[in-house]
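An overview of the molecular structure
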Amino acid sequence: MKAIVQERFGPPDVLELVDADRPETSAGQVTVRVRAAALNPYDWHMLRGDPYVARLMGGVGLTRPRCRVAGIDVAGQVESVGADVRGLRPGDEVLGFCHGSFAEYAHTTADLLVPKPAGLTLEQAAAVPMAAVTALRGIRTVGQVRAGQRVLVNGAAGGVGTFAVQIAAGLAAEVTGVCGTRNVDLVRSLGAAHVVDHSREDFTDIRERYDVILDNVGNRPLSRLRRALAPTGTLVANGGGSPGRVFGAVGSMLRVIAVNGFVRQQLRTILPSAPAGPTQEDLLAVTALIEAGSLTPVIGRTYPLADTAEGLRHLEQGHTRGKIVITMP
């Protein structure tokens, strides 16, 4: 099979397209024939070996990648199932999480997969898992957004942001999206009642106060974010971190946690779903929204598997529109 592998931590240029052995399916595993995979800041950080604490804990590898094949979001067909797996059969179209998804085949477990909604292409389905589940948790689980609340999504045109705007609008909130000039119309089309063009104005300078702020960017000091928050509002800081900002993201999260105990506002953090928590439950929740017609993936660019490094370099530059998807040969 074809796979994108890395032998050492470093920039996207260390990736190599190779012929690798097709993985064998053990009793508790599912092997997926990958048709599409999405790029995430998470992938970039794992490629670079960031954060270093993950190396020391053994999750990434101390001196070289623990998993030579990168990638985690996946969409494709079930190729084979282990003897202990129930509920999935070869040929089922699925989406979910597979470590090592930048390959023609990848392993995972049944609890990290759900059926692909019939109305989605496989490329669209690959854009869903991490971004949509992170957005769902930020808006609904942690932010606890309710009808009529004023909600601001910083980074509204990105992977998590495009889903977050739609989820908040679906809860009948009054949504403000923050994005660049070229994405204003996109964010408005996703359900934002108001759009702030960050190249023209700073949303923390505006007199509006928001009941919930989901910050996917981390480009504003906590003091300024709190100034834009209602006196008893909730700030949800997405701790995934953009490429090149992982240590800034960690520092921001620590400040949020430290300050939370001394203020009336609720200051919360979330980590990217990679995966953790009730993953299958959340995947089913987002696919239900997709099937109901209230949630649609936004794909900014697609690359063939051989050009994965180029896609990661584009991600590293920031200001991506929706998701970047890798397609398989």
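Residues numbered from 1 in each chain as written. Predicted model: local features only at pLDDT ≥ 70, side-chain atom pairs only at ≥ 80, totals over all residues. Heavy atoms only, no water.

Here's the deal with the sheet that holds strand E9 (residues 174-179)
The parallel open sheet is built from six strands, whose spatial order is E10-E9-E8-E11-E12-E13. Strand pairing shows two members of the sheet lacking a second neighbour, strand E10 (194-197) and strand E13 (266-270), which therefore form its edges. Ignoring strand direction, the axes of neighbouring strands in this sheet form an average angle of 15°. Pairing geometry for strand E12 (residues 229-238) and E13, over five bridges, is parallel. Bridge assignment links leucine 235 to a residue of E13, and that residue is leucine 267. (Pairing = 2+ DSSP bridges. Helix = DSSP H or I, 4+ residues; strand = E, 2+ residues; numbered from the N terminus. Axes fitted to C-alpha atoms, helices over the stretch in contact; angles between N-to-C directions.)

A closer look at the environment of valine 133
The residue valine 133 is located in helix H4 (residues 129-142) in this model. Taking relative accessible area as the criterion, valine 133 reaches 0% and is therefore assigned buried. Between the C-alpha atoms of valine 133 and leucine 283, which are 150 residues apart in sequence, the distance is 6.4 Å. (Buried < 20%, exposed > 50% of the residue type's maximum accessible area, 1.4 Å probe, protein only.)

Focus on the pairing of E12
Summarising burial for E12: eight of the ten residues are buried, a large majority. Two elements, strand E11 (residues 210-215) and E12, share five bridges in a ladder whose sense is parallel. By the bridge assignment, leucine 214 is partnered in E12 with valine 236. For the crossover that starts at E11, traverses helix H7 (residues 222-227) and ends in the parallel E12, the hand is right-handed. (Right-handed = clockwise from strand over helix to strand, strands pointing away.)

Topic: the packing of helix H1 (residues 41-48) against helix H10 (residues 308-316)
Axis separation between H1 and H10 bottoms out at 10 Å; the angle between their running directions is 105°. Considered as vectors, H1 and H10 are oriented roughly perpendicular to each other. Touching Pro41, Trp44, Leu47 and Arg48 of H1 are Leu312, Leu315 and Glu316, all from H10. Residues belonging to the contact of H1 with H10 are distributed by class as follows: five nonpolar, no polar and two charged. (Parallel < 35°, antiparallel > 145°, perpendicular 65-115°, else oblique. Contact = heavy atoms within 4.5 Å. Nonpolar A, V, L, I, M, F, W, Y, C, P; charged D, E, K, R; others polar.)

Considerations on the packing of aromatic side chains
Scanning the entire structure with this criterion turns up zero aromatic pairs. Above the ring of tyrosine 105, the side-chain terminus of arginine 33 is found at 5.3 Å from the ring centroid. (Phe/Tyr/Trp six-rings, centres within 6.5 Å; stacked < 30°, edge-to-face > 60°. Lys NZ or Arg CZ within 6 Å of the ring centre and 35° of its normal.)

Remarks on H4
Of all 14 residues making up H4, eleven are buried, and the element is well covered by its neighbours. Those residues of H4 lying buried are Pro129, Met130, Ala131, Ala132, Val133, Thr134, Ala135, Leu136, Arg137, Gly138 and Ile139. Phi turns positive, to about 50°, at glutamine 144, one or two residues after H4.

Digging into the packing of H4 against helix H9 (residues 279-291)
Packed helix pairs are characterised by how far apart their axes lie and by the angle those axes make with each other. Between H4 and H9, whose axes approach to 9 Å, the crossing angle comes to 95°. Compared by their axis directions, H4 and H9 come out roughly perpendicular. Note on element contacts: H9 touches H4 through Thr279, Asp282, Leu283, Ala285, Val286 and Leu289, opposite Pro129, Ala132, Val133, Leu136, Arg137 and Arg140. Within the contact of H4 with H9, the residues separate by chemical class into eight nonpolar, one polar and three charged.

Overview of the side chain of serine 101
Position of serine 101 among the secondary structure elements: in the loop between strand E5 (93-97) and strand E6 (105-108). Its relative accessible area of 0% is what places serine 101 among the buried residues. Of note is the side chain of serine 101, whose polar atom sits 3.0 Å from the backbone nitrogen of isoleucine 72. Ignoring any residue separated from it by four or fewer positions in sequence, one finds serine 101 in contact with Val34, Ala37, Ala70, Gly71, Ile72, Asp73, Val74, Ala106 and Met328. (Polar contact = N/O pair within 3.5 Å; in protein donor to acceptor, adjacent residues only side chain to side chain.)

Re the nonpolar core
Membership of the largest hydrophobic core comes to 52 residues, with the highest contact counts inside it found for Val128, Ile139, Val151, Val165 and Val187. No other element matches H4, which puts seven residues into this core. Residue contacts for isoleucine 139: discarding those within four places in its chain leaves Gln144, Val145, Val151, Ala164, Ile167, Ala168, Leu171 and Leu214. Counting residues in each nonpolar core, the second largest holds 33 residues, with Val14, Leu47, Leu315 and Ile326 among its members. (Core = buried A, V, L, I, M, F, W, Y, C linked by side-chain atoms within 4.5 Å.)

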